[in-house]
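Summary of the model geometry
What follows is each chain in one-letter form.
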Amino acid sequence: MPCTFLLYRKQNLQKGMMEEFMKSRITQLLGIEHPIIQGGMAWVAENHLAAAVSEAGGLGLIGGANAPGEVIRDYIRKVKEVTDKPFGVNVMLMSPHADDVARVVVEEGVKVVTTGAGNPEKYMDMWKEAGIRVIPVVASVALAKRMEKYGADAVVAEGCESGGHIGEATTMTLVPQVVDAVSIPVIAAGGIGDGRGIAAAFMLGAEAVQMGTRFLVAKECVVHQNYKDRVIKAKDIDSTVTGRSHGHPVRGLRNQMTREYTRLEQEGKSFEELEYLTLGMLRKAVQEGDVVHGTVMAGQIAGMVSKEQTCKEIIDEMMEQAGRLLGR
Ligand code: TUI
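Attention here is on the structure that accompanies the text. (Residues numbered from 1 in each chain as written. Predicted model: local features only at pLDDT ≥ 70, side-chain atom pairs only at ≥ 80, totals over all residues. Heavy atoms only, no water.)

1. Looking at the site of the ligand
Around the ligand lies a shell of 15 residues, among which Ala117, Val137, Glu158, Gly164 and His165 are the nearest. The backbone of Ala117 places a nitrogen or oxygen atom 2.9 Å from a nitrogen atom of the ligand. Glu158 places a side-chain nitrogen or oxygen 3.0 Å from a nitrogen atom of the ligand. Across the shell around the ligand, the residue classes break down as nine nonpolar, five polar and one charged. (Near = heavy atom within 4 Å. Polar contact = N/O pair within 3.5 Å; in protein donor to acceptor, adjacent residues only side chain to side chain. Nonpolar A, V, L, I, M, F, W, Y, C, P; charged D, E, K, R; others polar.)

See the structure below:
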């Protein structure tokens, strides 16, 4: 697969159209200015964050998480009230409400759907018939190929540097392997937090990036201040993965809860026995600011996130840096 971004770049430089810099099949497909997608983070990515990212020229996502369909319908309507730029919804496939959310996005005329934590095959026909751009998040080449076969418009290849539910492969190894395996555009995710990461992702063949952790500390992000402060103070090795022994690996910042979880996991406790430690604990951290007992999902780039900024400041700064590195 030739690097589509470089092709665009050459054509555009020839035409002298510098404003077209870093356009790709993804910016075209989604009708967005910058190749930046905000992760659909559970409990975090609600209407304010999604609208702010979209207004700043990226693609804002509402995170479906474990929320009922009607909550997501309300978020969708609130985003539409404040922006007419494109935005999307992430359907978290492990949610008990996934069927409802999958239907609500069709009813509300959402243009872009991403999926996470599973295989979205059973919804693909319904979404494609509704004209929705479908972008599954994948953690393996096998699922990327399968999604292409089922009509996905693009895939997000997410490496295990990401926060939250993760796969096994790193971004550096997964992205080029997925790029080589499919013809649809690939969006890189996991461990990308600034313009250097964006430039590197494009060099791996990605045509856009998805970022969560950097947007966690955006001024428009409603996550509790304690959560933001914890991310801002985090160092390079402050995240850890719990749940590997049960096949549900989740990356978050180390705290009393993750230490206890790890200890019990090493003792061989079952998933059911450990569930009490995490049930409702993401909400507790995000909304109540309990970053000691709560689940503080964040990716490995937390160590690089040093200040609160608006979504526009974050996106403009990263695009400027990426542009400089890629020889604008
Ligand atoms: O989905 C995510 N990240 C998430 S979802 C989430 S909500 C949650 N809350 C508490 C516990 C667990 C989750 C928090 N973070 N990222 C996308 C992603 N999808 N990463 C990895 C995958 C994935 C993994 C395996 C997708 C498909 C898959 O296998 C499907 C199959 O059938 O092979």
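2. Section: the packing of aromatic side chains
Aromatic ring pairs are reported here in terms of the distance separating the ring centres and the angle at which the planes meet. Applying the stated criterion across every chain, the model contains one aromatic pair. Note on Tyr123 and Trp127: the rings are 5.2 Å apart at their centroids and 35 degrees apart in plane angle, and the pair reads as tilted. Here Trp127 and Tyr123 lie together in helix 6 (residues 121-129), a separation of four residues that amounts to about one turn. Looking at Tyr123, the relative accessible area reads 7%, which means it is buried. (Phe/Tyr/Trp six-rings, centres within 6.5 Å; stacked < 30°, edge-to-face > 60°. Helix = DSSP H or I, 4+ residues; strand = E, 2+ residues; numbered from the N terminus. Buried < 20%, exposed > 50% of the residue type's maximum accessible area, 1.4 Å probe, protein only.)

3. Here we look at the state of the cysteines
For the coordinates displayed, the defined rule picks out zero disulfides. With no disulfide partner, Cys311 has as its closest neighbouring cysteine sulfur the one in Cys221, 8.0 Å distant. (Disulfide = S-S within 2.5 Å.)

4. Comments concerning the pattern of salt bridges
For the structure shown, the criterion picks out 22 salt bridges. Between Glu108 and Arg77 there is a salt bridge, with the nearest N and O atoms lying 2.8 Å from each other. With a gap of 31 residues between them, Glu108 in the loop between helix 5 (98-107) and strand 4 (112-116) and Arg77 in helix 4 (residues 69-82) connect regions that are remote in the sequence. The class for Glu108 is buried, based on a relative accessible area of 10%. The salt bridge partner of Arg324 is Glu320, with a shortest N-O separation of 3.2 Å. You can see Arg324 and its partner Glu320 sitting in helix 15 (residues 311-325), four residues apart, about one turn around the helix. (Salt bridge = Lys/Arg side-chain N within 4 Å of Asp/Glu carboxyl O.)

5. Some words on the packing of helix 7 (residues 141-149) against helix 8 (residues 171-181)
Orientation of helix 7 relative to helix 8, taken along the N-to-C sense of each, is 35 degrees, at an axis distance of 9 Å. For the pair helix 7 and helix 8, the sense of crossing is right-handed. Residues Val141, Ala144, Lys145 and Glu148 of helix 7 touch helix 8, and the partners they reach there are Leu174, Gln177, Val178 and Ala181. In terms of residue class, the contact of helix 7 with helix 8 is built from five nonpolar, one polar and two charged. (Axes fitted to C-alpha atoms, helices over the stretch in contact; angles between N-to-C directions. Left-handed = near helix turned anticlockwise from the far one by under 90°. Contact = heavy atoms within 4.5 Å.)

6. Observations concerning the sheet that holds strand 8 (residues 186-189)
If you walk across this open sheet you meet the eight strands as 1-9-8-6-5-4-3-2, and the pairing is parallel. Whereas interior strands pair on both sides, the edge strands pair on one side only; in this sheet they are strand 1 (36-38) and strand 2 (60-63). Averaged over all pairs of adjacent strands, the angle between their axes in this sheet comes to 25 degrees, without regard to strand direction. Here strand 8 pairs with strand 9 (residues 208-211) via three bridges, running parallel. (Pairing = 2+ DSSP bridges.)

7. Looking at the side chain of Ser54
Tracing the backbone shows Ser54 in helix 3 (residues 47-55). Here Ser54 is in contact with Leu59, Gly60, Lys85, Pro86 and Phe87, once residues within four sequence places are set aside.

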